[in-house]
Amino acid sequence: MRPVSRRVFAAAALSTLVTAPGAAAAPGGAPAAGVAPAPGSAAAPRRRDSAELRGVWLATVDNRDWPTKPGLTAAAQRAELIAHLDRAVRDRLNTVILQVRPTADALWPSPHEPWSEYLTGTQGRSPGWDPLGTAVAEAHARGLQLHAWFNPYRIALHADPARLVASHPARRHPDWVVRHGGRLYYNPGLPQVRAFVQDAMLDAVARYPVDAVHFDDYFYPYPVAGQSFGDDAAYDAYGGGFVNRAAWRRDNIDKLVRETAARIRQLRPGTQFGISPFGVWRNTSSDSRGSDTRAGVQTYDDLHADTRKWVREGWLDYIVPQVYWNIGFAAADYARLVPWWAEVAKGTRTRLYIGEALYKTGAAGQPAEWQDPAELSRHLTLAAGHAQVRGHVFFAARDLARDPIGAMARVVADHYRQPAQPPR
């Protein structure tokens, strides 16, 4: 069975969401990019501050977006990468978030971890060029920001350490590794692991003028029915001062976030630090401060990621919650989550961007709302009513290029008629 991408996996984890049909919008055609919207369309009012982040995720795990398959020549890989950057420019985006460490590997010549198998098909084999260095240079030449996207703890989409290259740190340090849900993870509860993954990730920041360090939604892994994460020994060694294991795990992730932020500031001042968590911190049924949702996954409880705290404490430059549900979705309504996140960000130094499910538009099996080309445009209109929302990021680059029902073309026509600079 082919491994799934991070966003598809996150969606699968929502299987316990209580679903109910929202109000279906009338289907309609999408205007071509650059065409002024028709009267009564979903165009957003212009902000006084024209700076807004317009981003796209460019996923490399399992060759989701790029390269289209492992083993392409260096010239072909480079051409595909450039095509994604050029597409971002055509759609008047200003930021590309490139996944450069998908599975404890690297898309640059790292002294800490092997070359990614998604480049050549063989972990540790050089692709014959420097993808991250090229991406930074080519993005900047086009006026785009390049955010380097790292997954801190995922080692592999399989559970066999013998399949890793012999020099892999996970093979040299088997005590760092936890098998869970058919995959391999570094144990976040070990201080030596936390130090190592920071060293591995920040090597890229030392080498290249990336505009940001970006984490996605994977900290402790998503729950797997009937399985528990095997960190008993680490908890026995380091968890004595905590009321329970969940509090200890949250503290481990807090330390990762807080320490990474400090090291980025020291290493390359001005480089941003952002995280794109799953869209629900906690439901109100779990915490009165939570969102009016009925999500089956809560980052605080299930991933041990206290995303609200990170914003309120000012540890992040930006946060991009993945609000991957349509307006009117009963269990997790976009129209309720965006105001909740805006209130969390209010009065903090953390900029709020909203992660958008471009991949759902026109996709088989998605409800009627996602078959309507105007759904995403309505998201941006709604978000524009909240001053704390400073931009949007779309998942993902392959879907940006295909745009099967013209949903992104509609966003561009309604909201991105003029270029914009990202907030600084």
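Up top is the structure these notes are about.
Residues numbered from 1 in each chain as written. Predicted model: local features only at pLDDT ≥ 70, side-chain atom pairs only at ≥ 80, totals over all residues. Heavy atoms only, no water.

Student: Whenever I open this one, the side chain of aspartate 306 confuses me. Can you help?
Tutor: By the element assignment, aspartate 306 lies in the loop between α9 (299–303) and α10 (307–313). Lysine 309 provides the closest opposite charge to the buried, unpaired aspartate 306, separated from it by 5.1 Å. Not counting the four nearest positions on each side in its chain, aspartate 306 is found in contact with Arg250, Asp254, Trp281 and Tyr300. (Helix = DSSP H or I, 4+ residues; strand = E, 2+ residues; numbered from the N terminus. Buried < 20%, exposed > 50% of the residue type's maximum accessible area, 1.4 Å probe, protein only. Lys, Arg positive; Asp, Glu negative; His and termini not counted. Salt bridge = Lys/Arg side-chain N within 4 Å of Asp/Glu carboxyl O. Contact = heavy atoms within 4.5 Å.)

Student: Sorry if this is basic, but what is going on with the pairing of strand β6 (residues 183–186) here?
Tutor: Put simply, side chains in a regular strand alternate between the two faces of the sheet. Burial of β6 is two-sided: the residues Arg183 and Tyr185 facing one way and the residues Leu184 and Tyr186 facing the other way are all buried. Looking at chain direction, strand β4 (residues 154–156) and β6 are connected through two bridges and run antiparallel. Within the sheet, the bridge partner assigned to arginine 154 lies in β6 and is tyrosine 185. With four bridges joining them, strand β5 (residues 177–180) and β6 adopt antiparallel strand pairing. By the bridge assignment for β6, histidine 180 is matched with arginine 183. Linking two consecutive strands that pair antiparallel, namely β5 and β6, is a turn of two residues; a positive phi of about 60° is found at glycine 181 within it. (Pairing = 2+ DSSP bridges.)

Student: Is there a simple way to explain the sheet that holds β6 in this structure?
Tutor: Either a parallel or an antiparallel arrangement is found when strands of a sheet pair, and the pairing is made through backbone hydrogen bonds. Taken together, three strands build an open sheet; the order of strands is β4-β6-β5 and the sheet is antiparallel. Only two strands of the sheet have a single neighbouring strand rather than two, namely β4 and β5. Strand-to-strand twist in this sheet, taken as the mean axis angle between neighbours without regard to direction, amounts to 35°. (Axes fitted to C-alpha atoms, helices over the stretch in contact; angles between N-to-C directions.)

Student: Can you walk me through the packing of helix α12 (residues 375–383) against helix α14 (residues 407–415) in this structure?
Tutor: Pairs of packed helices are described in terms of their axes, by the angle between the two and the distance that separates them. Running from amino to carboxyl end, α12 crosses α14 at an angle of 35°, the nearest separation of the two axes being 7 Å. Along this stretch, α12 crosses α14, giving a crossing that reads as right-handed. Residues Leu376, Ser377, Leu380 and Thr381 of α12 pack against Ala407, Arg410, Val411, Asp414 and His415 of α14. Across the contact of α12 with α14, the residue classes tally to four nonpolar, three polar and two charged. (Left-handed = near helix turned anticlockwise from the far one by under 90°. Nonpolar A, V, L, I, M, F, W, Y, C, P; charged D, E, K, R; others polar.)

Student: Is there a simple way to explain the sheet that holds strand β7 (residues 212–215) in this structure?
Tutor: In space, the eight strands of this closed barrel follow the order β1-β2-β3-β7-β8-β9-β10-β11, with parallel pairing throughout. The sheet strands contacting helix α8 (residues 245–267) are β7 and β8 (272–275), and the helix crosses β8 at an angle near 155°. Packed on one face of the sheet, helix α11 (residues 334–345) meets β9 (318–319), β10 (351–356) and β11 (389–395) and runs near 160° to β10.

Student: Honestly, unusual backbone geometry in this entry has me stumped. Any pointers?
Tutor: Across the chain, the bulk of peptide bonds are trans and the bulk of non-glycine residues have phi less than zero. Put simply, tryptophan 66 and proline 67 share a cis peptide bond, and its omega is -20°. Its location among the elements puts proline 67 in the loop between β1 (53–58) and α2 (74–90). Geometrically, the link from phenylalanine 395 to alanine 396 is a cis peptide bond, its omega value of 5° lying close to zero. Within the secondary structure, alanine 396 is located in the loop between β11 and α13 (397–402). Although it is not a glycine, arginine 92 adopts a positive phi angle of roughly 60°. For arginine 92, the position within the fold is in the loop between α2 and β2 (95–101). Its identity is not glycine, yet aspartate 403 carries a phi of approximately 40°, on the positive side. Relative to the assigned elements, aspartate 403 resides in the loop between α13 and α14. Overall, aspartate 403 belongs to the buried group, its relative accessible area being 11%.

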